Structure formats: structure tokens, C-alpha cells
Amino acid sequence: MFNKILIANRGEIALRVLRACKELGIRTVAVHSTADADAMHVRLADESVCIGPPKASESYLNIPQLVAACEITGAEAVHPGYGFLSENARFAEIVEAHGVKFIGPSAEHIRIMGDKIEAKRTAQRLGIPVVPGSDGAVETVEAAAEFAETIGYPVLIKASAGGGGRGMKVAKSPDDLAEAYATARGEAKAAFGDDAVYMEKLLLTPRHIEVQVLGDGKGGAVHLGERDCSLQRRHQKVWEEANSPALNAESREKIGAICAKAVADLGYAGAGTIEFLYENGEFYFIEMNTRLQVEHPITEAITGIDLVVEQIRVAAGAGLSVKQSDIEFKGHAIECRINAENAATFTPSPGQITYYHPPGGLGVRVDSGVYQGYRIPPYYDSLIGKLIVHGRNRVECLMRLRRCLDEFVVDGIETTIPLFRKLIDNQDIANGMYDIHWLEKFLETRPFD
Ligand code: ADP
């Protein structure tokens, strides 16, 4: 096992990783920008290194500074968390070239899954169901029109280098196609410096369901069931559940087994998430994230397995601590992402937290780096914490979540907690009846007016 791990991240996820390290008896190194000198992950780490000014490009994304921090502290491995450099194949290669283990999959696997066309091809080769679409890039508008006729309208044109929904355009009919194609290429070029685009059938009312996998890097892998992350705003997940209200044990086992086998065949190492759209009982691969996800705690809640510990074990060559037959799904879990934003307008609300009282009790977990008196810097993502609630079934989980939302007090800044108080009272949410468009439609009803 490693003696010392450097955590190349900040906020709640840095703290989350630090906790796993402590429980494994591993010393921790925090890194921070000058804006984060007072952060909880810095306070609780065994050592800390300031790696630059507030701007992420000069600190948390600054590879030479991170490598230097490893060298100065003698860290043997780096955990990248999520976001920042967690899916940067070059970072994985560079740290390993300096004799430091990257806690995650190989640079090659990161690279394959980072390229959407390559990822989809690989998924298909591994037996994962994909959205009907073009075989690779569509080079001309004529080819796009021809292809759209074969799969039928509406179609989606997507950037190969895509991310965050950019470079993605819908063509409802042949009349829209030329414009959608040109706009998608233009946006892709501007956002990613690469104008390659491909095409897919547009699914109209899918759910977003993702499968958590763990690979040992030696041909062994398990799945830990799925998460339903359909409640999204602008492609950002807001509320996640495990298991999905839409699946039964049989469909869960079926898609889980396909994913575990694919990951095993790939020789994948560590945690990964295979994301699908799910419509009319069918799964359609959209992408694989080669890192820990924000919403991983709901999977931990229903399986009792610490995903960060498993990531570290695999990176250290100790293998997974569980086999598929050990994994059981107990009860139901929901995560609410608490952002420092106005709940009605989503305007960021950085500033000082003057009073802080998180909920507690049986089945309640709050992953957050904030505390009373903490000043949220304006430079980073607005996620300030995650409320994760577990119950023996979905009804108990919802009742507990309602109680927790009533208890949660964060004063001095605005948060998205009031939005969850609205959601918990909604009948569709109570029934688990929602797709990826539900939340945006709900917000159009102006629930705060
Ligand atoms: P990005 O990497 O840009 O986020 P994704 O491929 O993950 O792109 O797609 C982002 C979102 O767009 C998905 O979560 C889903 O909501 C929607 N989407 C993607 N592909 C399709 C499709 N074929 N049909 C309908 N919606 C889609």
C-alpha cells in the first residue's frame, strides 16, 4: 500500500479522498491555491503545498506545480478527484513518468473514452448497446443528409471532442439539416479546436441511467448497479438516485453484467461510469467517465462499498476487495447537489457562511468542505456540498430527505436547498416519473413565483 498520497483537487471531493486515505493509514498531501488557504481539506491533511494563484489554470490545472509538489513531499501516488485533471491523459502520463502512480485508469483508456467517436466504437466492440448513429465522423453536409434519411429524423449532430453539451445540434427535418450541421461544426471548432462531428438518432424522452464499474486492471471487474441522474438542468445533474426507479432487478443485472464484462475485457483499472440514455426499456451508451463521479456516494450508500478505497487498492496493486457475488443492493439512496446559487435564478452566490447547521441522523451523509465562517471563493464550481440520504426503501428515503432539507441551515449565502424543498413536494418526483427534460420543464413553471 502507498505511504503518502497527494490529492490534486479541492473542496468536498478533496476531503472525501482524504477520509479514505486516513482510514487506510495513508498520509495525505493537500494542494491549494492562494484562495483556498483556509479550506478544510488543507486543514485536515497531514501536509499541504500552495500551488499557485486563485485561477485554476495556474493552480489546480498546473501540471508542473503538481509534479513539483509530489517531489517535494515524497508522495507516491496522486488522486485527481473529479473535474480538473481527472480525465487528462497527459497528466496521468506525466506523473507516472516522474515515478508517481496516477490513481485511475491507464492514460490509453482515458484517451479512448475522451474521444466520443473512439469511445462509441470501443463500447460497441465490447458489446455495449449504443445509440443508432453514424460510423465515425460525418465529413460533409451531403453525407449528413444521406445518413439522416437512413436513421430517420429527428437527428442529433454531435462534436467528437464534445463536452458539456457544446457542439450539439438537433435537426428536426431535412430543412434544418444544413444549418444544424454547420453550426455544430462551428461550435465544435470554437470550443475544442476540432470540428469533427458525428450523428445520432435523437431520443425524445429518455432517462439518464449510468452504471458504476470497478476494474482491477488484470481482466477482473464488478458492477455496482446503476444511478438515475435524469434530473438535470443544462446537462448538469441536480438530483441522483440509486437504484433507478425505472429498473427492476432483472434489467439491472442484465445491463450491469454487460458493463462489468466490457470493463474486464478492456483490462480497465479503477472506478468508471458507463452512461446511458434509457428509453422504452432499451439502453443506449452515451459516454464513459474514467474517474470518480460527484454522485458516487449514493452507490456507496446502497452497497456499503467505499469506492475511493477500491480505487486506491487497485492503483496500489492490491486488487479489488469485493467480487460480484459480494455485492448486494440495500434500500434506496438520493443525493441532492447543494450549490452556492440562488435557487430560482441559479446566479452564483459566493461569500461568507455566517451560520451552518447540516442535518444528521440515521442514513444521512453530508459531504462538504464548508464550515461556519468559511468564505466561498468566487473562482470555482459552485457545488458546496452534497446531501446523501439512505432509507430501507424509496418512500423512507424521501421522508428522510424531506426531514433533512427542513433541518439544513446555511446562512450568509444563497443555496439551491429551496429547490429541493420544492422537488420533494412534487407528485412526479414522489412517483419517480421523470425523464431528462422534466426538471427544465418544471423550472419553466416558475416554482418560486
Ligand atoms: P457532453 O459530453 O457534451 O455532455 P453527451 O454525449 O454526454 O455530451 O450528451 C449530453 C447530453 O445530451 C446527454 O446527457 C443527453 O441529455 C443529451 N443527449 C446526448 N445524446 C443524445 C441522443 N442521441 N438523444 C437525445 N439526447 C441526447
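Below: a short report on this structure. (Residues numbered from 1 in each chain as written. Predicted model: local features only at pLDDT ≥ 70, side-chain atom pairs only at ≥ 80, totals over all residues. Heavy atoms only, no water.)

## Section: the nonpolar core
No. 1: In this structure, W239, L387, L401 and L423 are the most contacted members of the largest nonpolar core, which totals 38 residues.
No. 2: At the level of secondary structure, the elements contributing two or more residues to this core comprise β11 (236-242), β14 (332-339), β19 (383-391), α12 (394-407), α13 (417-424) and α15 (438-444). (Core = buried A, V, L, I, M, F, W, Y, C linked by side-chain atoms within 4.5 Å. Buried < 20%, exposed > 50% of the residue type's maximum accessible area, 1.4 Å probe, protein only. Helix = DSSP H or I, 4+ residues; strand = E, 2+ residues; numbered from the N terminus.)

## Brief notes about the site of the ligand
No. 1: Among the 17 residues in the neighbourhood of the ligand, the closest are listed as K116, K158, G165, K201 and L203.
No. 2: Here K116 contributes a side-chain N or O atom positioned 2.7 Å from an oxygen atom of the ligand.
No. 3: Between the ligand and the protein, one listed contact pairs a nitrogen atom with a side-chain N or O atom of K158 at 2.9 Å.
No. 4: Against a free-state accessible area of 550 Å², the protein chains account for coverage of 93% of the ligand.
No. 5: Counting only elements with at least two residues in the shell around the ligand, the list comes to β6 (155-159), β8 (197-201) and β13 (282-289).
No. 6: Of the residues assigned to the shell around the ligand, the class counts are 8 nonpolar, 4 polar and 5 charged.
No. 7: Here the shell around the ligand spans two domains, since at least three of its residues come from each of domain 2 (132-201) and domain 3 (207-444). (Near = heavy atom within 4 Å. Polar contact = N/O pair within 3.5 Å; in protein donor to acceptor, adjacent residues only side chain to side chain. Areas by Shrake-Rupley, 256 points an atom, 1.4 Å probe, with all protein chains shown as cover. Nonpolar A, V, L, I, M, F, W, Y, C, P; charged D, E, K, R; others polar. Domains from an automatic or database assignment.)

## Let's talk about the sheet that holds strand β1 (residues 4-7)
No. 1: Across the sheet, which stays open at both edges, the 5 strands sit in the order β3-β2-β1-β4-β5 with parallel pairing between neighbours. Edge positions in the sheet fall to β3 (47-52) and β5 (101-102), since each has one partner strand and no second.
No. 2: Here strand β4 (residues 77-79) runs beside β5; their pairing, made up of 2 bridges, is parallel. Residue pairing for β5: V78 is matched across the bridge by F102.
No. 3: Contacts between helix α3 (residues 63-73) and the sheet are confined to β1, β2 (27-33), β3 and β4, with β3 contributing the most and set at about 155° to the helix. (Pairing = 2+ DSSP bridges. Contact = heavy atoms within 4.5 Å. Axes fitted to C-alpha atoms, helices over the stretch in contact; angles between N-to-C directions.)

## Quick notes on the layout of surface pockets
No. 1: In this structure, the second largest pocket occupies an estimated 210 Å³ of space.
No. 2: For the second largest pocket, the lining is made up of 13 residues, of which S251, K254, G281, E282 and F283 are closest to its centre.
No. 3: Looking at the lining of the second largest pocket, the elements that each hand over two or more residues are α9 (249-266) and β13.
No. 4: If you tally residues by element for the lining of the second largest pocket, the top one is α9, at 5 residues.
No. 5: Among the residues forming the lining of the second largest pocket, the class breakdown is 7 nonpolar, 3 polar and 3 charged. (1 Å grid on protein atoms, 1.4 Å probe; cavity = no way out; pocket = protein on both sides within 12 Å on 5 of 7 lines; lining within 4 Å. Points joined across faces, edges and corners; volume = space filled by probe spheres on them.)

## Comments concerning the pairing of β1
No. 1: A two-sided burial pattern is seen for β1, the buried positions comprising K4 and L6 on one face and I5 and I7 on the other.
No. 2: Bridge analysis of β1 against β2 gives 4 bridges, and the strand direction is parallel. What sits directly across from I7, in β2, is A30.
No. 3: Between β1 and its parallel partner β2, the chain crosses via helix α1 (residues 11-23), and the hand of that crossover is right-handed.
No. 4: Direction of pairing for β1 relative to β4: parallel, over a ladder of 3 bridges. (Right-handed = clockwise from strand over helix to strand, strands pointing away.)

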